[in-house]
Amino acid sequence: MTPQVYLRRGKEESLLRHHPWIFSGAIDYIKAEDEAEITEGALVEVYTHSGEFIALGHYQIGSIAVRVLSFERCAIDAAWWRGRIASALDVRRTLGLTDAPDTTCYRLVHGEGDSLPGLVVDIYGTTAVVQCHSVGMYRARLDVAAALREVYGSRLTAIYDKSSQTVPYNARLGAVDGYLWGSSDHETQVVLEHGEKFLVNWEHGQKTGFFLDQRENRQLVKRYAAGRTVLNTFCYTGGFSVYALSGGAKEVVSVDSSERAVALAEENVRLNFGAEAKHTALAADAVEYLRDIGDRYDLIILDPPAFAKHHKVLGNAMQGYKRLNARALSQIKSGGILFTFSCSQAVSKELFRTTVFSAAAIAGRKVRILHQLTQPADHPINIYHPEGEYLKGLVLYVE
Ligand code: SAH
């Protein structure tokens, strides 16, 4: 028997609006023939207090106790997985990403945004990189791989699982990264994004190997870069740096605290523009580096890692964003353009904007908002799950 989760009275409301999470506090009791069936990652049926079926989902110990897979009674079988993957692919086809000659990497599955909570799948050429963020998805990874193979056919040659760092540590799954199917001859592959070349290493790189979520925002940097002296902080692969050079920047400086990231940024610049490119990469703390940059730069990119991983540390995180932005805003050359981002899910668009507003006030500069940026369409937001909107960006003109 599938274990049955019974909610406390009235706790079904958000589910009736198709929000895909059930918090542990909403659960009254779990019914199973055998306690042993209530394992982490198990498929469970969810019922209202009065016994009406409401959803099917993956159970997990933690604040989010159930991640909903379906609001209808159905079998979560091979056909179901195939259906969800095919639907995700349809969206990317609609976006023009599946057969684009100049972009060979994109996100195929974006968790809740694709009604597959806890699952991320990124496509790099003919390799799919699967990253599970929940125990349920990790246990289902072979079903996911089978569905990917069926839906993609010969267009895929390998499926790599990179979940060891993203599945909950406490679940003690002993997850080891590796190929679920096929393999790759080269550890590092070259992908194209808007015609720019990037080296991607899903085995050793951060996340699934590349930050696909900045694709459209990088394109915007390219549009503004001509003739500018550009500082790209938290550069990782040098994504923004490559676009800035492609857009005709006079000079680009890339900064990251990781030596490996700095080397990768250098390699990517060389791959696109050769050794003569006007580019310098530095291994340094970006906040420190920004302490004294003078008025050398007239285009600055701030793309830090998530300062606030959860709400408890929000206060400190906002101080961090404020300091960073104030330093950039107070020194950027007159007529300069600042691209500033936050990828913390816990930071709302409003809170981010207020924080940058405070930074502008501290810097005492006249600032106009030119663009308000977010994640690209292959990172869709489930309308019933506004938490899915995690990437926020502002493009500011500083007089
Ligand atoms: N802008 C990148 C993604 C940034 S990810 C892109 O377009 O792909 C965040 C990066 O910040 C990581 O590479 C990490 O190594 C770096 N980082 C983290 N803390 C840092 C710090 N204090 N100073 C500089 N870089 C830092």
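It should be emphasised that the depicted structure is a prediction, and the values quoted were computed from it without experimental measurement.

Student: Teacher, can you tell me more about the site of the ligand here?
Tutor: Lining the immediate environment of the ligand, one finds 16 residues, of which Gln206, Arg218, Asp256, Ala286 and Asp303 sit closest. Between the ligand and Ser257 there is a distance of 3.0 Å, counted from a nitrogen atom to a backbone nitrogen or oxygen. The contact in question runs from a nitrogen atom of the ligand to an N or O atom on the side chain of Asp303, over 2.6 Å. Relative to its unbound accessible surface of 580 Å², the ligand loses 87% to contact with the protein. Taken together, the residues that form the shell around the ligand break down as 8 nonpolar, 4 polar and 4 charged.

Student: Quick question: what am I supposed to make of the pairing of strand 14 (residues 229-233) here?
Tutor: Side chains on a regular strand alternate between the two faces of the sheet. Of all 5 residues that make up strand 14, 5 are buried, and the element is covered over most of its length. Side chains Thr229, Leu231 and Thr233 project from strand 14 onto one buried face, and the interleaved Val230 and Asn232 project onto a second face that is buried too. Bridge analysis of strand 14 against strand 15 (residues 251-256) gives 5 bridges, and the strand direction is parallel. Bridging from a neighbouring strand, Thr229 pairs with Glu251 of strand 15. Between the parallel pair strand 14 and strand 15, the chain is carried across by helix 6 (residues 239-246), and the sense of this crossover is right-handed. Relative to strand 17 (residues 299-302), strand 14 runs parallel, the two sharing 4 bridges. Bridged to Thr233 within strand 17 is Leu302.

Student: Honestly, the sheet that holds strand 5 (residues 53-59) in this entry has me stumped. Any pointers?
Tutor: As a general point, the strands of a sheet are linked pairwise by backbone hydrogen bonds and lie either parallel or antiparallel. The strand order across the open sheet built from 6 strands is 2-6-5-4-1-3, with neighbouring strands paired in mixed fashion. The open sheet has two edge strands with one neighbour each: strand 2 (21-23) and strand 3 (27-31). Strand-to-strand twist of the sheet, defined as the mean angle between neighbouring strand axes without regard to direction, takes the value 35°.

Student: Would you mind going over the domain arrangement of the protein chain with me for this structure?
Tutor: One widely used convention gives an interface's size as the accessible area the parts lose upon coming together. Split into domains, the protein chain comes out as domain 1 (4-70), domain 2 (78-191) and domain 3 (211-398). Computed from C-alpha atoms alone, the centre-to-centre distance between domain 1 and domain 2 is 26 Å. Around 940 Å² of area is buried between domain 1 and domain 2 when both sides are counted, 59% of it from carbon and sulfur atoms. Considering only the side of domain 1, the residues that lose the most area to domain 2 are Glu40, His58 and Leu69, jointly responsible for 48% of the buried surface there. Taken together, the links from domain 1 to domain 2 amount to 0 salt bridges. Connecting domain 1 to domain 2 are 4 residue pairs in polar contact (both at pLDDT 80 or more). The element that contributes the greatest number of residues to the side of domain 1 that touches domain 2 is strand 6 (residues 64-70), accounting for 4 residues. Residue composition of the side of domain 1 that touches domain 2, grouped by class: 4 nonpolar, 4 polar and 2 charged.

Student: Before we go on, may I ask you to explain helix 9 (residues 314-331) in this structure?
Tutor: Compared with an ideal rise of 1.5 Å per residue, which puts 18 residues at 26 Å, helix 9 spans 26 Å between its outermost C-alpha atoms and is within 8% of the ideal. Of all the positions in helix 9, only Leu314, Ala317, Met318, Gly320, Tyr321, Leu324, Asn325, Ala326, Arg327, Ala328, Leu329 and Gln331 are classed as buried. The inward-facing, buried residues of helix 9 abut helix 8 (286-289), strand 17, strand 18 (336-342), helix 10 (349-363), strand 19 (367-373) and strand 20 (392-398).

Student: Any chance you could explain the pairing of strand 13 (residues 196-200) here in plain terms?
Tutor: Of all 5 residues making up strand 13, 4 are buried, and the element is well covered by its neighbours. As defined by bridge partners, strand 12 (residues 189-193) adjoins strand 13 across 5 bridges and the pair is classed as antiparallel. By the bridge assignment, Glu193 is partnered in strand 13 with Glu196. Counting the residues between successive antiparallel strands, the hairpin from strand 12 to strand 13 contains 2 residues, one of them, His194, with a positive phi of roughly 50°.

Student: Would you mind going over the pattern of salt bridges with me for this structure?
Tutor: Oppositely charged side chains can form a pair if their charged atoms are brought close together. If you walk through the whole model with that rule in mind, you get 15 salt bridges. Here Lys366 makes a salt bridge to Glu399, at a shortest N to O gap of 3.7 Å. Of this pair, Lys366 sits in the loop between helix 10 and strand 19 while Glu399 sits in the segment after strand 20, and the two are 33 residues apart along the sequence. Residue classification places Glu399 among the partly exposed residues on the basis of a relative accessible area of 38%.

Each value, and the rule that gives it
- Residues numbered from 1 in each chain as written.
- Predicted model: local features only at pLDDT ≥ 70, side-chain atom pairs only at ≥ 80, totals over all residues.
- Heavy atoms only, no water.
- Near = heavy atom within 4 Å.
- Polar contact = N/O pair within 3.5 Å; in protein donor to acceptor, adjacent residues only side chain to side chain.
- Areas by Shrake-Rupley, 256 points an atom, 1.4 Å probe, with all protein chains shown as cover.
- Nonpolar A, V, L, I, M, F, W, Y, C, P; charged D, E, K, R; others polar.
- Buried < 20%, exposed > 50% of the residue type's maximum accessible area, 1.4 Å probe, protein only.
- Helix = DSSP H or I, 4+ residues; strand = E, 2+ residues; numbered from the N terminus.
- Pairing = 2+ DSSP bridges.
- Right-handed = clockwise from strand over helix to strand, strands pointing away.
- Axes fitted to C-alpha atoms, helices over the stretch in contact; angles between N-to-C directions.
- Domains from an automatic or database assignment.
- Buried area = accessible area lost by both parts, 1.4 Å probe.
- Salt bridge = Lys/Arg side-chain N within 4 Å of Asp/Glu carboxyl O.
- Expected span 1.5 Å × (residues − 1).
- Contact = heavy atoms within 4.5 Å.

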